[in-house]
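# An overview of the molecular structure
Residues per chain are reported as follows:
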Amino acid sequence: MGMTITEKILAAHAGLERAEPGDLINAKVDIALGNDITAPIAIKQFHESGAKKVYDKTRVILVPDHFVPNKDIQSAMQAKMLRDFAYEQELTYFFDAGEMGVEHALLPEKGLVLPGDVVIGADSHTCTYGGLGAFATGIGSTDLAAAMITGEIWLKVPETVKFVYKGKLRNWVEGKDLILYTIGNIGVDGALYKAMEFTGPVIESLGMAGRLTMANMAIEAGAKNGIIAPDKITEKYVSSRAARKYSFYKSDKDAHYAEIIEYDVSDIEPQVACPHLPENTKGVSQVGDIRIDQAVIGSCTNGRIEDLRSAAAVIKGKKAAKGVRLIVIPATPHIYRTALKEGLFEIFLDAGAIISPPTCGPCLGGHMGILAKGECAISTTNRNFVGRMGHPESEVYLSNPAVAAASAVLGKIGDPADVV
Amino acid sequence: MKITGNVWKFGNDVDTDLIIPARYLNTSDPAELAKHCMEDADPGFAGKVGKGDIIVGGKNFGCGSSREHAPIAIKAAGVSCVIAGSFARIFYRNAFNMGLPILECDKADELKTGDQVSVDFDRGEIVLLSSKKSYSSKAIPPFMQELVQSGGLMKYIAKRIQ
């Protein structure tokens, strides 16, 4: 019997001919990643273990992006722990100050994570890199500490669920809507412990930004990883960025899947996930009259240049409604500079937006846009849990960037088609 | 390994922001995190929970972030074990790595706050003391129990190296 792309990558990294669901394997790690919240615990454990050197200074990457620029003294101490460790270990890739971007937007942009890789990161959205055709999964700080020392991680090979997307996407329907629709269909534990393999003609014509967005939210369905077979679009994206070799894997025709789910997505409208779970999705026309106090456009899910272009296309020549705080967060310095050059900042500033430096910031209720009691936000981020963006009695609705921009203009959740 | 404790019951999909909100993630100090354990699910939890108590949840406990602060907060609050219908995979791994034992039990929903239960990790047996009703779960294998008793993965590894 054939193998899935996930099984092939894992087998190759464990020196095995085959890897089957349920097998426990010890895999070589291509990239091990930590941020300013998770790496401090890993660094402490690294030192307590008596380890002297990381396994490869070019493959352990630290990105202080969550509470940076430092929001308070304790956050500054955590970021400093990363800085000190990076200098002590002479890490090649430590992204500080003006080089820092939201980790899962930054690493693909820099060509540091590549097709065929095994990437582990102490951040649940590490699964983003599956959009490039890598096996990528989130782990905790302890697993990161062990991987920084050994360059290996034990993993259970997951079963794979194959998703097939057919049809033609309507205007303003993007990768974000496909993944929200999918999570709405299978639930927040619908792919628990499993691999989600996104396939079909719609995926084959989806750009890299949309693919990264889809893989990014696989964790929101409980998945171990999300993955898309690399193709010409992938090749075009990675060939000019990669500094090392990469491999394209694809699933065999006779690979075994735990389940195959097909969607005709021709009729779906832009999706909105209502509080307090990403599975509470509805078409934007079905959401009802929801006034908003804040609109956030950014994050590892939707902070790429394509996302800013989409939001700008909606908001061009218009203003955010009175009382709506529109916050735009380009995810990396490169995206920031590109948006500036393309005139997108002009459009956002004319609309009354606040443009933030790259940071995870408000997505996790860290800083740069915290909600007060009773406030409501629409956000292009990935989670709408209780208290996620601030006060436990605030609310977050998730959407794509065009819907967030349209909602900012309308002062309530609405369809970009009604604004443009 | 066997424990007895009082149950604190929560629902389905208890996420890591409920277990330890991100506003407290500017530290990894267990004592500090414990003060805010389960705060957005039950604001008074940290003041009520007693040493050795047991958290019971429904399906998909610990979904969301990879923050190891979640099992750290639960363990430092004095909780001896978490029982749930199912666990999110990163939380599952993090809990054992931190030395917090967790058990999957599809009948966990029947338990309620205030129940007293005993848990036998060798046999994977949970007993409701008032009625003596027994619930089954997968036993925790000896090496995983040793990992828990050592205080987590890194201490377990350190012990084995010595």
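Predicted, not measured: the structure shown is a model, and the values here were computed from it.

About the criteria used
- Residues numbered from 1 in each chain as written.
- Chains lettered and ligands numbered in written order.
- Predicted model: local features only at pLDDT ≥ 70, side-chain atom pairs only at ≥ 80, totals over all residues.
- Heavy atoms only, no water.
- Helix = DSSP H or I, 4+ residues; strand = E, 2+ residues; numbered from the N terminus.
- Buried < 20%, exposed > 50% of the residue type's maximum accessible area, 1.4 Å probe, protein only.
- Axes fitted to C-alpha atoms, helices over the stretch in contact; angles between N-to-C directions.
- Parallel < 35°, antiparallel > 145°, perpendicular 65-115°, else oblique.
- Left-handed = near helix turned anticlockwise from the far one by under 90°.
- Contact = heavy atoms within 4.5 Å.
- Nonpolar A, V, L, I, M, F, W, Y, C, P; charged D, E, K, R; others polar.
- 1 Å grid on protein atoms, 1.4 Å probe; cavity = no way out; pocket = protein on both sides within 12 Å on 5 of 7 lines; lining within 4 Å.
- Points joined across faces, edges and corners; volume = space filled by probe spheres on them.
- Domains from an automatic or database assignment.
- Polar contact = N/O pair within 3.5 Å; in protein donor to acceptor, adjacent residues only side chain to side chain.
- Salt bridge = Lys/Arg side-chain N within 4 Å of Asp/Glu carboxyl O.
- Buried area = accessible area lost by both parts, 1.4 Å probe.
- Pairing = 2+ DSSP bridges.

With that settled, the discussion passes to the overall build of chain B. Each helix and strand in chain B was counted, giving seven helices and seven strands. If you list the helices and strands of chain B from N to C, you get β-α-α-α-β-α-β-α-β-β-β-β-α-α. Taking the principal axes of the C-alpha coordinates as reference, chain B spans close to 45 × 45 × 25 Å. The burial tally for chain B puts 62% of its 162 residues in the buried class.

All names here are of chain A. Packing of helix α2 (residues 39-48) against helix α5 (residues 141-150) leaves a shortest axis separation of 8 Å and a crossing angle of 50°. Taken together, the axes of α2 and α5 are oblique relative to one another. The crossing of α2 and α5 is right-handed. In this structure, α2 contributes Ile41, Ala42, Ile43, Gln45 and Phe46 to the contact, and α5 contributes Ser141, Thr142, Leu144, Ala145, Met148 and Ile149. Split by residue class, the contact of α2 with α5 holds eight nonpolar, three polar and no charged.

In this section: empty space enclosed by the protein. Residue and element names in this part refer to chain A. A complete count under the given rule lists two cavities of 30 Å³ or more for this structure. Reported here for the largest cavity is a volume of approximately 230 Å³. Among the secondary structure elements, those contributing two or more residues to the lining of the largest cavity are α4 (103-109) and α10 (299-302). When its residues are assigned to classes, the lining of the largest cavity shows seven nonpolar, 10 polar and six charged. Counting only domains with at least three residues in the lining of the largest cavity, you end up with domain 1 (5-245 + 254-262) and domain 2 (273-418). Of the volumes computed, that of the second largest cavity is approximately 110 Å³. Split into classes, the residues belonging to the lining of the second largest cavity amount to nine nonpolar, five polar and two charged. Composition of the lining of the second largest cavity by domain shows at least three residues from each of domain 1 (5-245 + 254-262) and domain 2 (273-418).

A few words now on the environment of Lys59(B). For Lys59(B), the position within the fold is in the loop between β2 (54-57) and α4 (69-76). A relative accessible area of 27% means that Lys59(B) is categorised as partly exposed. Residues Lys59(B) and Asp15(B), spaced 44 residues apart in sequence, show a C-alpha to C-alpha distance of 11 Å. Contact partners of Lys59(B), with chain neighbours within four places excluded, come to Val188(A), Asp189(A), Asn12(B), Asp13(B) and Ser86(B). A polar side-chain atom of Lys59(B) sits 3.5 Å from a polar atom in the side chain of Asp189(A).

Attention shifts here to the pattern of salt bridges. Oppositely charged side chains can pair when the atoms bearing their charge come close. Residue and element names in this part refer to chain B. Within the structure shown, the criterion is met by 28 salt bridges over all chains. Across the salt bridge formed by Glu125 and Arg123, the nearest N and O atoms sit 3.5 Å from each other. You can call Glu125 partly exposed: its relative accessible area is 21%. Overall, the relative accessible area of 59% leaves Arg123 in the exposed class.

With that settled, the discussion passes to the interface of chain A and chain B. By convention, interface size is frequently given as the accessible area that disappears when the constituent parts associate. Across the contact, 43 residues belong to chain A and 34 residues belong to chain B. For the chain A and chain B pair, buried surface summed over both sides reaches about 3,100 Å², with 54% attributable to carbon and sulfur atoms. Together, Ile41(A), Thr142(A) and Tyr193(A) form the three largest contributors to the area buried by chain A at its contact with chain B, with a combined 17%. Along the contact surface separating chain A from chain B lie three salt bridges.

Residues and elements named next belong to chain A. The assigned domain composition of chain A is domain 1 (5-245 + 254-262) and domain 2 (273-418). Once you take the C-alpha centre of each, domain 1 and domain 2 turn out to be 24 Å apart. Taken together, the contacts link 34 residues of domain 1 with 40 residues of domain 2. With both chains or domains summed, domain 1 and domain 2 bury close to 2,900 Å², and 62% of this area falls on carbon and sulfur atoms. It is Val102, Trp172 and Lys176 that lose the most area in domain 1 upon contact with domain 2, and together they represent 22% of the buried surface on that side. A salt bridge links Arg383 to Glu220; the shortest N-O distance between them is 2.8 Å. Scanning the region where domain 1 abuts domain 2 turns up 21 residue pairs in polar contact (both at pLDDT 80 or more). Breaking the side of domain 1 that touches domain 2 down by element, the ones donating at least two residues are α4, α6 (175-186) and α8 (208-216). Top element by residues in the side of domain 1 that touches domain 2 is α6. It accounts for five residues.

What follows deals with the pairing of strand β3 (residues 60-63) of chain A. All names here are of chain A. Residues Val60 and Leu62 point to one face of β3 and Ile61 and Val63 to the other, with burial holding for every one of them. For strand β2 (residues 31-35) and β3, the ladder comprises four bridges, and the chain directions are parallel. The residue of β3 that forms the bridge with Leu33 is Ile61.

Bringing the sheet that holds strand β7 (residues 160-166) of chain A into the picture now. All names here are of chain A. Strand order in the open sheet formed by four strands is β9-β8-β7-β10, with parallel pairing between adjacent strands. Of all strands in the sheet, those with a lone pairing partner are β9 (225-227) and β10 (259-264), marking the two edges. In this sheet, neighbouring strand axes are inclined to one another by 20° on average, regardless of whether the strands run parallel or antiparallel. The strands touched by helix α1 (residues 5-13) are β7, β8 (195-199) and β9; relative to β9, the strand with the most contacts, the crossing angle is about 110°.

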